[in-house]
Every structure is written in C-alpha cells, then in structure tokens.
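What follows is the residue order along each chain.
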Amino acid sequence: MNFFVAVLLSILISSVPAYAFHNTFTASKDLTYDGEPEQIVYEVSGKSWEQPVSWSFTVYNGGRKIFRRAVLNDDNRLHYDDAGCVENCTGLVACRKEWFLHQAFPAMIVTVAPDEIERRDTLVAVYQRQAPDFYRTQLGLSENDAHSSVDRLATFLESREITGFCLPKSPVEFGALMVYDRFQQQFVRFYHP
C-alpha cells in the first residue's frame, strides 16, 4: 500500500509545473490616521510568466482586513510587449517580472508630504470638486451630508501627510487615489484624473 501512495504522490508532484510562482510583499504605513501603521500585503502569482498573472492588494488594520482588491489573470500583453511601457526590461516575460516583482507595489502606495504645497492643493481641490458625487452615490449620503463630509476630511488633511494607494489597471494607467476617510471609516476616492 505504501508503494502505491508513494507512486501517486510522485505523479502529483511531477505534474505541478516547476515554474509556478507566488510572491508576497509587505509594507507598513499609517493609512487610517490612527497613529498605528496598517499592514499592506501585495501578492502576485501565476503558472508561468508567459501566461496571465494574478495579483492582490490587501490592507489590514490590527489584523482585520479593511480593504482588498484581487485581479485574476491580468493579461495586458500590449503593455508588457510595448517598448518603454515598463522600464528596465525587454520582452513579455522580462517586463512582466520587472513590473509585478519590482515596480508595481512601490508605485501603489502614495504619500504627499505637507510641504508639497502645490501638489496637495491640487489634490484637495479636485477631491472637493469630485468627491461629493462619490459620497452620494457610493456611500448613500444626502447632498448636504456629502459636502460636509468632504469638507471635514479636507480640513483634517490640511497640515497632515496625505497617504493612500492607487491600484494599476496597467503599467501606464492607474486607477483612483484612495484615501481613508476616518469619519466614514472607509477608503474613499480622493483623486481620479
């Protein structure tokens, strides 16, 4: 009986491709403005670099998951094959590896220091113009409550570092900058070009 189990295990192990990968990257950053850093976990996995890659971005606050985005089978071949879309590489496999293992995660975490006055002012102005609609449609707030909530967060961030994240749709296109609204206790769309 042990011989058959050993043969079965051998067959199963040999059928798992040697090129399968799963990489995990972590960072700590106070995204919720509570004085304690959140654990940010980025994972990338796939059967091979020639095939579509899956990735996820998760934020934990005190061990509790407060945000997660998972993208399965990201197969944006155009940007990985197109010269110049991903720096420091040539070809599909090299560019996928370079993007997913070295460039994507650092690019996702966004920090705007208090002394970056022009950048801060631009982001806050766009937030105050765009966010009320988000607060009404996504959070279900009334017109007055949406404007009050937006103004409250803008005032809170006046002299603080703005921290958030921006998740990519491709190496050359990122989604909205998401910032934690401590008054609504969730991440909200802070800036979308």
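Description of the structure in this document. (Residues numbered from 1 in each chain as written. Predicted model: local features only at pLDDT ≥ 70, side-chain atom pairs only at ≥ 80, totals over all residues. Heavy atoms only, no water.)

A closer look at the overall build of the chain
Next, step 1: A count of helical and extended segments in the chain gives five helices and eight strands.
Next, step 2: Counting from the amino terminus, helix and strand elements in the chain follow one another as α-β-β-β-β-α-α-β-α-α-β-β-β.
Next, step 3: Counting the 193 residues in the chain, one finds 38% classified as buried. (Helix = DSSP H or I, 4+ residues; strand = E, 2+ residues; numbered from the N terminus. Buried < 20%, exposed > 50% of the residue type's maximum accessible area, 1.4 Å probe, protein only.)

A few points about the sheet that holds strand 4 (residues 64-74)
Next, step 1: In spatial order, the strands read 1-2-3-4; together these four strands make up an open sheet with antiparallel pairing. Edge positions in the sheet fall to strand 1 (21-29) and strand 4, since each has one partner strand and no second. Going from strand to strand, the sheet's axes swing by 10° on average, the running direction of each strand aside.
Next, step 2: Summarising the sheet, strand 1 and strand 2 (residues 38-46) pair through nine bridges and their orientation is antiparallel. Looking at strand 2, one finds that F25 is bridged to Y42.
Next, step 3: Helix 3 (residues 92-108) contacts strand 1, strand 2, strand 3 (53-61) and strand 4 of the sheet and is inclined by roughly 165° relative to strand 2. (Pairing = 2+ DSSP bridges. Axes fitted to C-alpha atoms, helices over the stretch in contact; angles between N-to-C directions. Contact = heavy atoms within 4.5 Å.)

Quick look at the state of the cysteines
A covalent bond between the sulfur atoms of two cysteines is what we call a disulfide.
Next, step 1: Enumeration over the complete set of coordinates arrives at one disulfide.
Next, step 2: Shown here is the disulfide that connects C89 with C95, its sulfur atoms set 2.1 Å apart. Every disulfide takes its handedness from the sign of the S-S torsion; for C89 and C95 that torsion is 100°, giving right-handed. No difference in accessibility class separates C89 from C95, as the two residues are buried. (Disulfide = S-S within 2.5 Å.)

Re the pairing of strand 7 (residues 173-181)
Next, step 1: Among the nine residues that make up strand 7, seven are buried, leaving the element largely enclosed by the rest of the structure.
Next, step 2: Inspection of the sheet shows strand 6 (residues 162-170) paired to strand 7 by five bridges, in the antiparallel sense. Across the sheet, P168 pairs through a bridge with F174, a residue of strand 7.
Next, step 3: Adjacent in sequence and paired antiparallel, strand 6 and strand 7 are bridged by two residues.
Next, step 4: Bridge count for strand 7 against strand 8 (residues 186-191) is five bridges, and the pairing is antiparallel. Paired with V179 across the bridge in strand 8 is V188.
Next, step 5: In sequence, strand 7 turns back onto strand 8 through a hairpin of four residues, with Q185 there showing a positive phi of about 55°.

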